[in-house]
Amino acid sequence: MHFLWAFLVGGALCVIGQLLIDLTAMTPARILVLYVVAGVVLSALGWYMPLAEFAGAGATVPLLGFGHLLAQGVVDAVERHGLLGALTGGFSAAAGGIAASLVCGVIASLLSKSKDQS
Amino acid sequence: MKLSKQEYDQMNKQASPKSKLLPDCLWAFFVGGAICLLGEVLRTLYGRWGFALTDAAALTSATLVALSAVLTALGWYHKLATKAGAGTLVPITGFANAVVSPAIEFRVEGLVTGVGAKMFVIAGPVIVWGMMASVIWGVIYYFIRPLMGG
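Residues numbered from 1 in each chain as written. Chains lettered and ligands numbered in written order. Predicted model: local features only at pLDDT ≥ 70, side-chain atom pairs only at ≥ 80, totals over all residues. Heavy atoms only, no water.

### With respect to the interface of chain A and chain B
Rule in force here: Throughout, a residue-residue contact means that at least one pair of heavy atoms, one from each residue, lies within 4.5 Å. When two parts are put together, the accessible area they lose, computed with a 1.4 Å probe and summed over both, is reported as buried area. A pair is scored as a salt bridge if a Lys or Arg side-chain nitrogen falls within 4 Å of a carboxyl oxygen belonging to Asp or Glu. Contacts described as polar in this section are N or O atom pairs within 3.5 Å, which, within protein, must combine one atom able to donate a hydrogen with one able to accept it, while residues neighboring in sequence count only if both atoms come from side chains. In DSSP terms, a helix is any run of H or I states spanning at least four residues, a strand is any run of E spanning at least two, and both are numbered starting from the N terminus. Charged residues are taken to be Asp, Glu, Lys and Arg, nonpolar residues to be Ala, Val, Leu, Ile, Met, Phe, Trp, Tyr, Cys and Pro, and polar residues to be all remaining types, Gly included.
In this assembly, 62 residues from chain A lie in contact with 64 residues from chain B. Summing both sides of the interface, chain A and chain B together bury roughly 5300 Å²; the carbon and sulfur share of this comes to 80%. The tally of links from chain A across to chain B stands at one salt bridge. The salt bridge involving Glu79 of chain A is made with Arg145 of chain B; its shortest N-O contact spans 3.3 Å. At the junction of chain A and chain B, the tally comes to eight residue pairs in polar contact (both at pLDDT 80 or more). Residue assignment for the side of chain A that touches chain B shows that the elements contributing at least two residues are helix 1 (2-24), helix 2 (28-44), helix 4 (57-60), helix 5 (63-81) and helix 6 (85-111) of chain A. Ranked by residues supplied to the side of chain A that touches chain B, first place goes to helix 1 of chain A with 17 residues. Here the side of chain A that touches chain B is composed, by residue class, of 43 nonpolar, 15 polar and four charged.

### Notes on the UniProt feature "transmembrane region" (unreviewed entry) in chain A
All names here are of chain A. As a reminder, the rule being used: UniProt positions are given in the numbering used here, feature names are shortened, and annotations may be inferred rather than shown by experiment.
The sites that UniProt annotates as "transmembrane region" (unreviewed entry) are residues 27-47, 54-71 and 91-111. As a span, residues 27-47 carries 81% helix and 0% strand, and end to end its C-alpha atoms are 26 Å apart. Along residues 91-111 one finds 100% helix and 0% strand; the C-alpha atoms at either end are 28 Å apart.

### Remarks on the layout of surface pockets
Applicable threshold: Points on a 1 Å grid over protein atoms alone make up a cavity when a 1.4 Å probe fits among them but cannot get out, and a pocket when they form an open set with protein on both sides within 12 Å along at least five of seven lines; lining residues each have an atom within 4 Å of a point. Grid points are joined across faces, edges and corners, and a volume is the space filled by probe spheres set on the points.
Empty space within the largest pocket amounts to approximately 870 Å³. Taken together, 31 residues line the largest pocket, and the ones lying closest to its centre are Leu69 and Gln72 of chain A together with Thr54, Ala57 and Ala58 of chain B. The set of elements that each furnish at least two residues to the lining of the largest pocket consists of helix 3 (48-55), helix 5 and helix 6 of chain A together with helix 3 (53-73) of chain B. Top contributing element to the lining of the largest pocket by residue count: helix 5 of chain A, with 10 residues. Residues of the lining of the largest pocket, tallied by class, amount to 12 nonpolar, 14 polar and five charged. One number sums up the size of the second largest pocket: a volume of about 430 Å³. Together, 22 residues line the second largest pocket, and Pro28 of chain A together with Leu89, Asn97, Ala98 and Ile122 of chain B are the ones closest to its centre.

Okay, structure coming up:
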């Protein structure tokens, strides 16, 4: 059952992004920024955790989940290190995803040749 | 041919393709949903192989990022993205694509100012504003925590 919810919730979150593209002509960069910041805000309000528990990867794979991860990381870090945690928590939580993307980017740029995108 | 702005707008409107809002949204829904479903399958598998919940989630992200990088390098991710739109943009695979794609494209400009800098053309703003939001939330949390009885 949780597979179905992951599919439906993940799909729905992507449809919201598609509506933003088609109806507001927002650029991809702006949409990604909006999703991550919105994820932080929703998580801070305590609304994202229930969705993540309910839909699993359907909530954590879209970039809203990345924002949720940042917000959770910062809460954990503040609990452990006080105010300093506000500075360290976000990057600690996001480190895996960001480092994986960077490593893949470098390897891909070394192995692959640029090709015509059209 | 001389045109007023209104006439030009009118002609532009007629020449533009009809709204493809519904097919766009269906593509985004099914492709985005499928990527999340794959994520859920991976998360379940990693959990079954004995990884803790948070580790399984991080491994899932890393796997999807690596998969996206391979598909991006082969040029397939871009092809899928032209159909799926936000379905390929919003999941973490879209973030990885936004890093890997310029890294490959700007390889010709060198490893430092090409790959190193241009990689962040889209990911940079995401990291900057995500991080700003998280720091602000961290400071707020620090001050409201005593009030929450935590």
